[in-house]
Amino acid sequence: MSLKQSFVAWVMQHKLLFSPGQRAIEWPFFLGHIPLLRDIHPWLDRRKSTITYLPINETLRAEGIPMPAEVIAAYIEQSPYHVIINRCLCRRARDCRDYSHDIGCLFMGESALQMPPQLSRRVDKPEALRHLERALDAGLVPLVGKVRFDNFAFLIPDENKLLSVCFCCPCCCMMAYYRHLPPDRLDGVFPRLEGLTIEVTEACQGCGLCARNCYLKAITVEDGKAVHSATCRGCGRCARLCPNQAVRITLTQPDYQEQVMRRVNDRIDFR
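Residues numbered from 1 in each chain as written. Predicted model: local features only at pLDDT ≥ 70, side-chain atom pairs only at ≥ 80, totals over all residues. Heavy atoms only, no water.

Asks: Sorry if this is basic, but what is going on with the nonpolar core here?
Replies: Nonpolar side chains tend toward joint burial in soluble globular proteins. Core analysis: the biggest nonpolar cluster contains 84 residues, and Y75, L106, F154, M175 and Y178 have the highest contact counts within it. The leading source of residues in this core is strand β6 (residues 163-168), at five residues. Each residue touching Y75, except ones within four places of it in the same chain, is listed here: M108, V144, L163, M261, V264, N265 and F270. (Core = buried A, V, L, I, M, F, W, Y, C linked by side-chain atoms within 4.5 Å. Buried < 20%, exposed > 50% of the residue type's maximum accessible area, 1.4 Å probe, protein only. Helix = DSSP H or I, 4+ residues; strand = E, 2+ residues; numbered from the N terminus. Contact = heavy atoms within 4.5 Å.)

Asks: Can you help me understand the packing of helix α4 (residues 70-78) against helix α6 (residues 125-137) in this one?
Replies: In a packed pair of helices, the relevant descriptors are the angle between the two axes and the axis-to-axis distance. Where α4 contacts α6, the two axes come as close as 9 Å, and the packing angle between them is 165°. By the angle between their axes, α4 is roughly antiparallel relative to α6. Taken as a pair, α4 and α6 cross one another with a handedness that is right-handed. On α6, the residues that touch I72, A73, I76 and E77 of α4 are K125, A128, L129 and L132. Residues that form the contact of α4 with α6 fall into these classes: six nonpolar, no polar and two charged. (Axes fitted to C-alpha atoms, helices over the stretch in contact; angles between N-to-C directions. Parallel < 35°, antiparallel > 145°, perpendicular 65-115°, else oblique. Left-handed = near helix turned anticlockwise from the far one by under 90°. Nonpolar A, V, L, I, M, F, W, Y, C, P; charged D, E, K, R; others polar.)

Asks: What is the right way to look at the packing of aromatic side chains in this model?
Replies: The description of two aromatic rings rests on the distance between their centres and on the angle between their planes. The tally for this structure, following the rule as stated, stands at 10 aromatic pairs. A centroid spacing of 5.8 Å and a plane angle of 45° characterise the contact between F149 and F152, whose relative ring orientation is tilted. Of this pair, F149 and F152 both sit in helix α7 (residues 148-153), three residues apart, roughly one helical turn. Judged by relative accessible area, F152 falls into the partly exposed class, the value being 46%. Arranged with centres 5.8 Å apart and planes meeting at 85°, the rings of Y178 and F190 form a pair that is edge-to-face. Of the two residues, Y178 is situated in the loop between β6 and α8 (183-189) and F190 in the loop between α8 and β7 (196-200); the sequence distance between them amounts to 12 residues. Look at Y178 and you get buried, because its relative accessible area is 1%. On the basis of relative accessibility, which here comes to 0%, the residue F190 falls in the buried class. A network of ring pairs unites the aromatic residues F29, W43, Y53, F149, F152, Y177, Y178 and F190 as a single cluster. Seen from the ring of Y215, R237 lies directly overhead, with NZ or CZ sitting 5.3 Å from the centre. (Phe/Tyr/Trp six-rings, centres within 6.5 Å; stacked < 30°, edge-to-face > 60°. Lys NZ or Arg CZ within 6 Å of the ring centre and 35° of its normal.)

Asks: I keep staring at a nonpolar patch on the surface and nothing clicks. Help me out?
Replies: Residues I34, L37 and I40 make up a contiguous nonpolar surface patch of roughly 270 Å² in combined accessible area. You can see I40 is positioned in the loop between α3 (35-38) and β1 (50-53). (Patch = residues over 30% accessible without salt bridge, like charges linked within 9 Å, V, L, I, M, F, W, Y side chains within 5 Å. Areas by Shrake-Rupley, 256 points an atom, 1.4 Å probe, with all protein chains shown as cover. Salt bridge = Lys/Arg side-chain N within 4 Å of Asp/Glu carboxyl O.)

Asks: Would you take a moment to explain the environment of T50 for this structure?
Replies: Looking at where T50 falls in the secondary structure, it is placed in strand β1. Judged by relative accessible area, which is 0%, T50 ranks as buried. Sequence separation between T50 and G188 is 138 residues, and the spatial gap between their C-alpha atoms is 7.2 Å. Every residue in contact with T50, bar those within four places of it in the chain, is listed here: V144, G145, K146, V189, P191, R263, V264 and R267. A polar contact is formed between the side chain of T50 and the side chain of R263, at a distance of 2.7 Å. (Polar contact = N/O pair within 3.5 Å; in protein donor to acceptor, adjacent residues only side chain to side chain.)

Asks: Is there a simple way to think about the environment of R179 in this case?
Replies: Tracing the chain through its elements places R179 in the loop between β6 and α8. In this structure, the C-alpha to C-alpha distance between R179 and R233, residues 54 residues apart in sequence, is 9.8 Å. Polar side-chain contacts of R179 include one of 3.4 Å to the backbone oxygen of Y215.

Here you go:
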């Protein structure tokens, strides 16, 4: 590990990367508003990133179809490299009180072995699967794909060999900064799970709880009913929060797992 990487690890351990520098990290995402600049920034380039939420809501309608989180289990079984970040850097930096700091990101692929050892540990497949189960039990929504920002943050050369699995909480995850991209460009970098639809039913009473908790600011209340904009990435948290069970999430494509894995595999050699 280089001296630069050692320094980055020290900065992260002392909560300096995200805490006072939160706005500094967000600034590059503001380029999403500027047509020419968003085409050249690597964090916003769809050729360098493809990130997808795998909703875990218990009301998900997908009869006869495997649950989305099984995509991660499949990757764990296929990859010989598994590295877990000891503590979630986002939750730690923001002193999150809602979710455990001890459930960090999971990385796979050969480049995962370059993670700073002060922050991470290599694990075998059974431990990686247990980590996944622990995250799901805690209600954390997994996000999987090639995340170009991770190469930057950990000073790992981008050789298309780093698969990221982030267990996001709505109060801390920096993926919220992608809201600065217009929806048509967001679809290229941060597509919704193939075949996933979200419907707000007549049971909605317009309480606004979902809108207040949507960190992508993709929900508004109009005429007494919640409305999802095109910015919605399908994390499913609104369905879990709704006191009236008015949000219906459905998977309509039986082969959605193959589709998302094919898309991710086009950008990553994780084995």
